[in-house]
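Report on the structure
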Amino acid sequence: MASRKPTDEDYIDVDDTYDANQDDDAGTGGYAWEEEYKRSWDILQEDSEGRLSSVVSQLQQQRKRRRLLKDTAIIQRGIIRHLFLILDLSEAMNEKDLRPSRVELTLTYAQQFVIEFFDQNPISQLGIIATRDGIAEKLTELSGNPTDHIKALKTKKNTETSGEASLQNALQLARASMLGVPSHGSKEVLLIFGSLTTCDPGDIHETVDLLKKEMVRVNIVGLAAEVQICRVLCEATKGTYGIVLNELHYKDLLFEVVPPPAVLPNKNTSNLVTMGFPRRLIEDQASFCVCHSKLTVGGYICPKCKSKVCELPSDCDICGLTLVSSPHLARSYHHLFPVDNFDEIKGNSEHGTHCFSCLTQFDKLETSGAKFSCPKCAQEFCAECDIFVHEVLHNCPGCWSVVSKICRTFCDHPRNWKSIYLKPDSISLWQLTDLKSIISPHLSHIQSIYIWGVRDNIIYYLLSQCKNLQHLTICGWTTLSDHCLRIRPAQSLKIKTLELIGSPQQINFISVDAYTLGNLMIQSPEMTNLILGCEIHIHAETFLSELEKANNHDAHLQSFQVATRRTWLKEHVIRLINLYPSIQKVYLLPAAGMDSALKDGIDIFDSIISQRFKETEAIPITCYHYPLVLTDDAILYNRSMFTSIV
């Protein structure tokens, strides 16, 4: 098995030189990098088990976290960036002071930079320029596709070194390529420069003045000693200039350019930027795109001019509209409101024992229990979670948990659960476990339910567990038996309205018998409306006998509407009216005459009755002083409607 190639994270730079007069020279000035790593082996101490792994891990965490300690003030930043990465491919890049060599390490870091740049700046664009033999060559145009840039960096022909670098030619090519950048986009150049000289055709100071005038920010990462013209260039354009100390410092300097910089104070910013959100086009035959003038299958259609572009984000070459997708825009938002730097906690007393994010115990961490606290929510995090929050998540879990608690408190308020509407996905039926997960914490608050797609156990659960349920409307089911209405043990229900309405998407078969329905009526003394608008057979004599046994004088039934006529005679209706003196409506109709797609709150029989009076010459008749309408398939009683006629 081949040995694993060590990564950058596995190295710790230790200065192995010793200066006998170092104590005498301390405080006398000199370069900062000469003193930063002096006698750094003195800090390497063995742990209780005689190992250095925990110390090494802690040093690596400290190095990573230094990258996070940046300005988190909320300032105006240009999140629509246009950046050219200029690579020095002169002979000076063949030096091996950086392992394995300057050019190989630069190409590796450049590929990582491209990936990280588009991850943190998804609506920005990047291009690559190489300078060698005194000229500058554009490897890739400005685009938002990282694959093209990485492919260009992996092409051997594009990465061969020769001759000297030309700083002026490279900057002029980058400046000319960004002339068409809109005013709301920032112009930036990142130069990786390994030479100590530059071969320029003219006065480079004129180029510096042009860059300053056009507000092009230039950042330079130097691989050799400091060069005066580079310092002047960066100061004039409000950029940064850094000299690498080692491989890890090189990566840190390079990745400092990834976050968007602050907007220049004299830049004319736009308050509103017009953007288009194109739709994805899937084609059977290839057509030309406007960005490359090539035949491609599929792409994105500009919503303004209907042209086709290959990738997002980009600018439409026809109308100039900025084309992005909504996820790209959302991912750029965190730069405007960065997460505050966490404070390191010294000591372990009077603090939490677990990381709030990963729940790992602090005393079991390899980093000697390092803890960091959010200054806003005061939650404590380990070093790994600290880095993850700032580099990947860009949101503090502790702060968001506070927000989620507030939202949950609002959503759980009883007034929001008095009346609920429940409909499953597509036309499927509810599963009891899914329903419980939604309403189980709020059973005591629910007073009205309108539910689609039920089973026996769903109805039984709602009637038996929702103690304050008053209105239940059921629409659509496959089969229902009398088990759904047999509440055991017997208990008094507060139900006032029970509606069973068929749905055209379901079979709606029901086999509830008269005995079960009668007992449900007895258990619901407050019931005022019973509507069974589906094919059902209720034996009249059995049903009325059960009600008469209870002799419930406090019943409040006002409306009895059932989709059946079989076994019901006018004498049965009169017995029902005598049992419930306050009853206003008794409708016994065939199910075929009912509309299954009814609106909530509308009397489902009123329209049917009106239509019957228009189609037939049925005359209200008086049976024992009760106004009834009797036909072969219906018995109708409505006190308010028929009394005036009689």
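Please read these numbers as outputs of a predicted model, since none were measured by experiment.

On a plain count of helices and strands, the protein chain comes out with 19 helices and 29 strands. Looking at the protein chain residue by residue over its 646 residues, the buried ones come to 44%. For the protein chain, the share of sequence-separated contacts (at least 6 apart) that also reach a separation of at least 24 residues comes to 69%. Carbon together with sulfur atoms contributes 53% to the accessible area of the protein chain, which is approximately 33,800 Å² in total.

Moving on, we come to the sheet that holds strand 12 (residues 308-309). Strand order in this open sheet of three strands is 8-11-12, and the pairing throughout is antiparallel. Taken across any chain shown, the strands that pair with only one partner, and hence form the sheet edges, are strand 8 (279-281) and strand 12.

Of the two faces of strand 29 (residues 635-638), both are covered, the one formed by Ile 635 and Tyr 637 as well as the one formed by Leu 636 and Asn 638. Strand direction decides the pairing type here: strand 26 (residues 585-588) and strand 29, joined by four bridges, are antiparallel. Residue pairing for strand 29: Tyr 587 is matched across the bridge by Leu 636.

Here we come to the state of the cysteines. Summed over all chains, the structure comprises zero disulfides. Free of any disulfide, Cys 399 has its nearest cysteine sulfur in Cys 396, 3.7 Å distant. Classification of Cys 399 as partly exposed rests on a relative accessible area of 21%.

Enumeration according to the criterion identifies 16 salt bridges in this entry. When the shortest N-O distance is used, the salt bridge between Asp 97 and Arg 102 registers 2.8 Å. The salt bridge involving Arg 575 is made with Glu 541; its shortest N-O contact spans 3.0 Å. With Arg 575 in helix 17 (residues 570-579) and Glu 541 in helix 16 (residues 540-550), the pair connects residues that are 34 residues apart, well separated along the chain. Shared partners join several salt bridges into a network, and the residues in it are Asp 482, Arg 486 and Asp 513.

This part covers the nonpolar core. When a protein is soluble and globular, its nonpolar side chains tend to lie buried together. Membership of the largest hydrophobic core comes to 61 residues, with the highest contact counts inside it found for Ile 439, Ile 449, Ile 451, Leu 462, Leu 472, Phe 543 and Phe 560. With five residues, helix 14 (residues 456-465) is the largest single contributor of residues to this core. If we skip the residues at most four places from it in the chain, Phe 543 touches Ala 514, Leu 517, Gly 518, Met 521, Ile 538, Phe 560, Trp 568 and Leu 576. One finds Leu 85, Leu 87, Leu 98 and Ala 110 within the second-largest nonpolar core, a separate group that totals 32 residues.

What follows covers the confidence of the model for the protein chain. For the protein chain, the mean per-residue pLDDT works out to 80, and 78% of the residues sit at or above 70. A low-confidence stretch, residues 1-6 stays under pLDDT 50, and its non-local contacts, those more than four residues away or across chains, total two contacts. Per-residue pLDDT stays below 50 along residues 11-39; that stretch engages in 26 contacts with residues further than four places along the chain or on separate chains.

Moving on, we come to the sheet that holds strand 13 (residues 314-315). With mixed pairing, the three strands of this open sheet are ordered in space as 7-14-13. Where the open sheet ends on each side, the last strands, each with one partner, are strand 7 (275-276) and strand 13.

What follows concerns the packing of aromatic side chains. Describing an aromatic ring pair means giving the distance of the ring centres and the angle of the ring planes. Inspection of the entire model under this criterion finds eleven aromatic pairs. Note on Phe 543 and Trp 568: the rings are 6.3 Å apart at their centroids and 55° apart in plane angle, and the pair reads as tilted. Separated by 25 residues along the polypeptide, Phe 543 in helix 16 and Trp 568 in the loop between strand 25 (559-562) and helix 17 bring together distant segments of the chain. Grouping residues by exposure puts Phe 543 and Trp 568 together as buried.

With that settled, the discussion passes to helix 7 (residues 204-213). Considered for burial, the residues of helix 7 that qualify are Ile 204, Thr 207, Val 208 and Leu 211. Along the axis of helix 7, the buried residues cluster in a sector spanning 105°; they form a single face. Exposed side chains of helix 7 directed beyond 90 degrees from the buried face belong to Glu 206, Lys 212 and Lys 213. Between the side-chain oxygen of the N-cap and the backbone nitrogen of His 205 there are 3.1 Å, and the N-cap of helix 7 in question is Asp 203. Just downstream of helix 7, Met 215 is the residue with a positive phi angle, here 55°.

To continue, consider the packing of helix 4 (residues 102-120) against helix 9 (residues 247-255). In contact at an axis separation of 11 Å, helix 4 and helix 9 are set at 35° when each is read in the N-to-C sense. For the element pair helix 4 and helix 9, the recorded crossing hand is right-handed. Contact residues: Leu 105, Thr 106, Tyr 109, Ala 110, Gln 112, Phe 113 and Glu 116 in helix 4; Glu 247, Leu 248, Tyr 250, Lys 251, Leu 254 and Phe 255 in helix 9. A per-class count over the contact of helix 4 with helix 9 returns eight nonpolar, two polar and three charged.

This part covers unusual backbone geometry. Each neighbour pair has its own omega, and for Arg 99 with Pro 100 the value is -5°, a cis peptide bond. Among the structural elements, Pro 100 can be located in the loop between strand 1 (81-88) and helix 4. Residue Pro 313 is reached from Leu 312 by a cis peptide bond, and omega for that bond is -5°. Tracing the chain through its elements places Pro 313 in the loop between strand 12 and strand 13. The residue Met 215 is not glycine, and still its phi comes out positive at about 55°. Despite not being glycine, Ala 378 shows a phi value in the positive range, around 65°.

Okay, the side chain of His 442 next. In this fold, His 442 is placed in the loop between helix 13 (432-439) and strand 19 (448-454). The exposure class assigned to His 442 is buried, which follows from its relative accessible area of 3%. Residues contacting His 442, with those up to four places away along its chain left out, are Asp 412 and Trp 417.

The rules behind each value
- Residues numbered from 1 in each chain as written.
- Predicted model: local features only at pLDDT ≥ 70, side-chain atom pairs only at ≥ 80, totals over all residues.
- Heavy atoms only, no water.
- Helix = DSSP H or I, 4+ residues; strand = E, 2+ residues; numbered from the N terminus.
- Buried < 20%, exposed > 50% of the residue type's maximum accessible area, 1.4 Å probe, protein only.
- Contact = heavy atoms within 4.5 Å.
- Areas by Shrake-Rupley, 256 points an atom, 1.4 Å probe, with all protein chains shown as cover.
- Pairing = 2+ DSSP bridges.
- Disulfide = S-S within 2.5 Å.
- Salt bridge = Lys/Arg side-chain N within 4 Å of Asp/Glu carboxyl O.
- Core = buried A, V, L, I, M, F, W, Y, C linked by side-chain atoms within 4.5 Å.
- pLDDT = per-residue confidence, 0-100.
- Phe/Tyr/Trp six-rings, centres within 6.5 Å; stacked < 30°, edge-to-face > 60°.
- Arc of directions from axis to C-beta.
- Polar contact = N/O pair within 3.5 Å; in protein donor to acceptor, adjacent residues only side chain to side chain.
- Axes fitted to C-alpha atoms, helices over the stretch in contact; angles between N-to-C directions.
- Left-handed = near helix turned anticlockwise from the far one by under 90°.
- Nonpolar A, V, L, I, M, F, W, Y, C, P; charged D, E, K, R; others polar.

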